Amino acid sequence: MKPTLLILAAGMGSRYGGLKQMDELGPHGESIIDYSVYDAIQSGFEKVVFVIRESFAEAFKERFEPRLAGKIKTEYVFQELTDLPDGFSLPEGREKPWGTGHAILMAKDVINEPFAIVNADDFYGREAYKQVFDFVAQSADANEYAMVGYALNNTLSEHGTVSRGVCETDVNGNLVNITERTKIGYEGDKIFFYEEDSKTELTGSEAVSMNFWAFKPEYFQHLETAFVEFLKEKGTEMKSEFYFNAVVDGLIKKGEASTKVIRTDAKWFGVTYKEDKPMVQEQLNQLIANGIYPEKLW
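Our subject in this report is the structure included herewith. Since this is a predicted model, take the numbers as computed values, not measurements.

When its secondary structure is counted, the protein chain shows seven helices and 13 strands. A globule of 298 residues ought to have a C-alpha radius of gyration of about 19 Å, and the protein chain, at 19 Å, matches this closely. For the protein chain, the spread of C-alpha atoms along the three principal axes comes to 55 × 50 × 45 Å. The buried share of the protein chain, taken over its 298 residues, is 52%.

For the rest of this paragraph, the subject is the nonpolar core. The nonpolar side chains of a soluble globular protein tend to be buried with one another. In terms of nonpolar packing, the biggest core is built from 46 residues, with Leu5, Ile7, Phe50, Phe60, Tyr150 and Phe212 touching the most fellow members. For this core, the element with the highest residue contribution is helix 4 (residues 126-138), accounting for six residues. In contact with Tyr150, other than residues within four places in its own chain, are Tyr124, Ala128, Thr155, Glu206, Ala207, Val208, Met210, Phe212, Thr264, Ala266, Lys267 and Trp268. Ile111, Leu175, Leu223 and Val261 belong to the second largest nonpolar core, which has 39 residues in total.

Turning next to the side chain of Lys216. Tracing the backbone through its elements, the reader meets Lys216 in the loop between strand 11 (207-215) and helix 5 (219-234). Buried charge Lys216 goes without a salt bridge, the closest partner of opposite sign being Glu144 at 4.8 Å. For Lys216, the side chain forms a polar contact with the side chain of Ser139, separated by 2.7 Å. Contacts of Lys216, omitting those with residues within four sequence positions, involve Pro114, Phe115, Phe135, Ser139, Asp141, Ala142, Glu144 and Tyr145.

Turning our eyes to something else, we now look at the pattern of salt bridges. The tally for this structure, following the rule as stated, stands at 13 salt bridges. Put simply, Lys96 and Glu241 hold a salt bridge, and the shortest N to O gap is 3.3 Å. Taken together, the residues span a long stretch of sequence, with Lys96 in the loop between strand 3 (73-78) and helix 3 (100-105) and Glu241 in the loop between helix 5 and helix 6 (244-253) at a distance of 145 residues. You can call Lys96 partly exposed: its relative accessible area is 31%. Notably, a salt bridge pairs Lys108 with Asp109, separated by 3.4 Å at the nearest N-O pair. Salt bridges sharing common partners tie together Lys108, Asp109 and Glu224.

Rules used throughout
Residues numbered from 1 in each chain as written. Predicted model: local features only at pLDDT ≥ 70, side-chain atom pairs only at ≥ 80, totals over all residues. Heavy atoms only, no water. Helix = DSSP H or I, 4+ residues; strand = E, 2+ residues; numbered from the N terminus. Rg over C-alpha atoms; globule rule 2.2 N^0.38 Å. Buried < 20%, exposed > 50% of the residue type's maximum accessible area, 1.4 Å probe, protein only. Core = buried A, V, L, I, M, F, W, Y, C linked by side-chain atoms within 4.5 Å. Contact = heavy atoms within 4.5 Å. Lys, Arg positive; Asp, Glu negative; His and termini not counted. Salt bridge = Lys/Arg side-chain N within 4 Å of Asp/Glu carboxyl O. Polar contact = N/O pair within 3.5 Å; in protein donor to acceptor, adjacent residues only side chain to side chain.

What is shown is where atoms sit, not what they do.
Right under this line is the structure:
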């Protein structure tokens, strides 16, 4: 079965300041989502599912439906704070979304095939989509997943520190551990991560997760079980978050799943900060000049 692309687009982008999922970055008003879907189509994906919020659903659909109609099957699911399993209710005063694991769970009723997830505001590169498609075509194990590993120095912003999941793999290239580093940035021409009053230098070649993963549909069952446990333990907290990769980590440690780290030379870039926008536009224009994309996508 050909894979589906699941795009996580429900966040508002607090650091960026607005609905960056629809920000116009290409020469004809294309957003990063446009390029992601275009790359997915070129790589063989047959369906795209958007996780959005109902509050901006109409504007979102008006933007993308005319562009994608007839090119790829599309589905929309909503991530809302009140979408909880039976027996649980939203704590009074909670405003923070439940996290990426919750976002993925919203798609469980519309995805019955292998699927890849990406962030709406991240550009992952055509090569990475092709590598994920090839993995899905070759992997028959329901509990074998994959994660695209980018070189750290290809994922940083010049306008502030970033959070990255730094990956450790075994001799077979399978994921052993992800260590979340929340403050990684440049100091001169060197890269450091900062922790309390200390800093540690990184080489820049470390494989990091940029939330481009591939799963089998059976993963939804693991997510559902883990979300219930999360709510029992942390559901009354105002800012607790349910992360999908933490579920994967637990499955790996219990020997119930494996995750292949797909090292890629693809270039990643994103709009974490508003100051990143000119750089992203320049990168896209260069890719167009190199013939990777037509000047007008759709």
